[in-house]
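Read off the chains here:
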Amino acid sequence: MAILITGGAGYIGSHTVRYFLDQGEEVIVVDNLQSGHKELVQTDKFYNLDIRDKERLDKVFKENKIEGVIHFAANSLVGESMTNPYEYYHNNVYGMLCLLDIMRQNHVDRIVFSSTAATYGEPKNIPILEDDETNPTNPYGETKLAMEKMMEWFDIAYGIKYVSLRYFNAAGAHESGEIGEMHNPETHLIPLILQVPLGIRDKIYIFGDDYPTKDGTCVRDYIHVMDLASAHYLAYKHLLNGNNSEIFNLGNGNGYTVKEVIESARRITNHPIPAEIAKRRDGDPAVLVASSQKIKKVLNWNPQYDSLERIIQDAWSWHNK
């Protein structure tokens, strides 16, 4: 039996494909290559299609013995979602509806979903717990929350069990240096910082240094992409074992300021990495840090690459290569 990974040519998707293959699993990848990269996919079973094309998606299910789905395929840029909410609702929410419908028709009743800390909005408590209030501040977070709600109702009505993983800041790369982060345009902090020693940009901008944090810059929880991948595997096994649907936070539980991340990158790259303070961006919470106690307890998940230095070192090895 095979696992279908949608969006498997993307950053987190490709690392999860690699992890599942390393565990001896049969993996089928579906990706429309809107933002993914075919060269990152290390499986023979690859379908270049959009999950909203229900006829072709149904054919994938009919041609293969699929026992479950890992769902990454979605638009994921907060700023872009503010200016183009139509595309986010159409791709993310309608895409999920198409996928769940084809799963229902083909009697596939397990899905692990790539969700986000953006479902919480401005947190009232730190660290954030799974049962804290969800009040997204952008269409991206709203669509991911709508997708979670959709799965909840499909579970009640059709028995499709799900695990939703609410990530914090994914970073790093595979330790082999063979696959890593390839966004265009790049929006994530660590690869943006590394573009300075790579000679792609002259300096890094820090958006605001007057937040109520220890050095005035935003605090974020960074999680290594391979620790994310292992969490998807454990979540999938949780569903295969007949367990109920669950929502889990996925972070390290440690917060680092923007200045601390830059300082760590300076040590690893041996480059001065000039930084300039710019005005705050709209909608940036001061602190986002996860409590991952639930996933550690229920799934026995234990991050293997939880130091900031290791995360940046693996990212640097990939970008340098």
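The structure we're discussing is the one just above.
Small disclaimer: the values here were computed from a predicted structure and weren't measured.

Visitor: How do you make sense of the sheet that holds strand β9 (residues 219–220) when you look at a structure like this?
Guide: Note on sheets: strands pair through backbone hydrogen bonds, and any given pair is parallel or antiparallel. Taken in spatial order, the three strands line up as β12-β9-β14 in an open sheet, and their pairing is mixed. Looking at which strands have only one partner, the edges of the open sheet turn out to be β12 (256–257) and β14 (287–288). In this sheet, β12 lies alongside β9 in antiparallel orientation, the contact comprising two bridges. Bridge pairing links R220 to Y256 in β12.

Visitor: Mind showing me how you'd approach the pairing of strand β8 (residues 204–207) here?
Guide: Side-chain positions along a regular strand alternate between the two faces of the sheet. Of the two faces of β8, only one is covered, namely that formed by I204 and I206; the face formed by Y205 and F207 stays uncovered. Where β8 meets strand β13 (residues 275–278), four bridges bridge the pair, whose relative direction is parallel. Each residue of the ladder has a partner; that of Y205, found in β13, is E276.

Visitor: I would appreciate a short explanation of the sheet that holds strand β4 (residues 66–71) in the present structure.
Guide: Taking strand neighbours across the sheet as the criterion, the seven strands line up as β3-β2-β1-β4-β5-β6-β11 in an open arrangement whose pairing is parallel. This sheet does not close on itself; its edge strands, each paired only once, are β3 (46–48) and β11 (246–250). On average, each strand axis in the sheet is tilted by 15° relative to the strand beside it, whichever way the strands run. Sheet analysis places strand β1 (residues 2–6) next to strand β2 (residues 26–31), joined by five bridges and oriented parallel.

Visitor: Please clarify how the environment of L97 should be interpreted in this entry.
Guide: With respect to the element layout, L97 can be found in helix α4 (residues 85–105). Between the C-alpha atoms of L97 and R52, which are 45 residues apart in sequence, the distance is 8.5 Å. Every residue in contact with L97, bar those within four places of it in the chain, is listed here: M150 and F154.

Visitor: Can you help me understand the side chain of S164 in this one?
Guide: By secondary structure assignment, the location of S164 is in strand β6 (residues 161–167). In this structure the side chain of S164 is engaged in a polar contact, spanning 2.8 Å, whose partner is the side chain of E148. The residues touching S164, leaving out its near neighbours within four places in the chain, are F113, S115, E148, M151, E246, I247 and F248.

What counts and how
- Residues numbered from 1 in each chain as written.
- Predicted model: local features only at pLDDT ≥ 70, side-chain atom pairs only at ≥ 80, totals over all residues.
- Heavy atoms only, no water.
- Pairing = 2+ DSSP bridges.
- Helix = DSSP H or I, 4+ residues; strand = E, 2+ residues; numbered from the N terminus.
- Buried < 20%, exposed > 50% of the residue type's maximum accessible area, 1.4 Å probe, protein only.
- Axes fitted to C-alpha atoms, helices over the stretch in contact; angles between N-to-C directions.
- Contact = heavy atoms within 4.5 Å.
- Polar contact = N/O pair within 3.5 Å; in protein donor to acceptor, adjacent residues only side chain to side chain.

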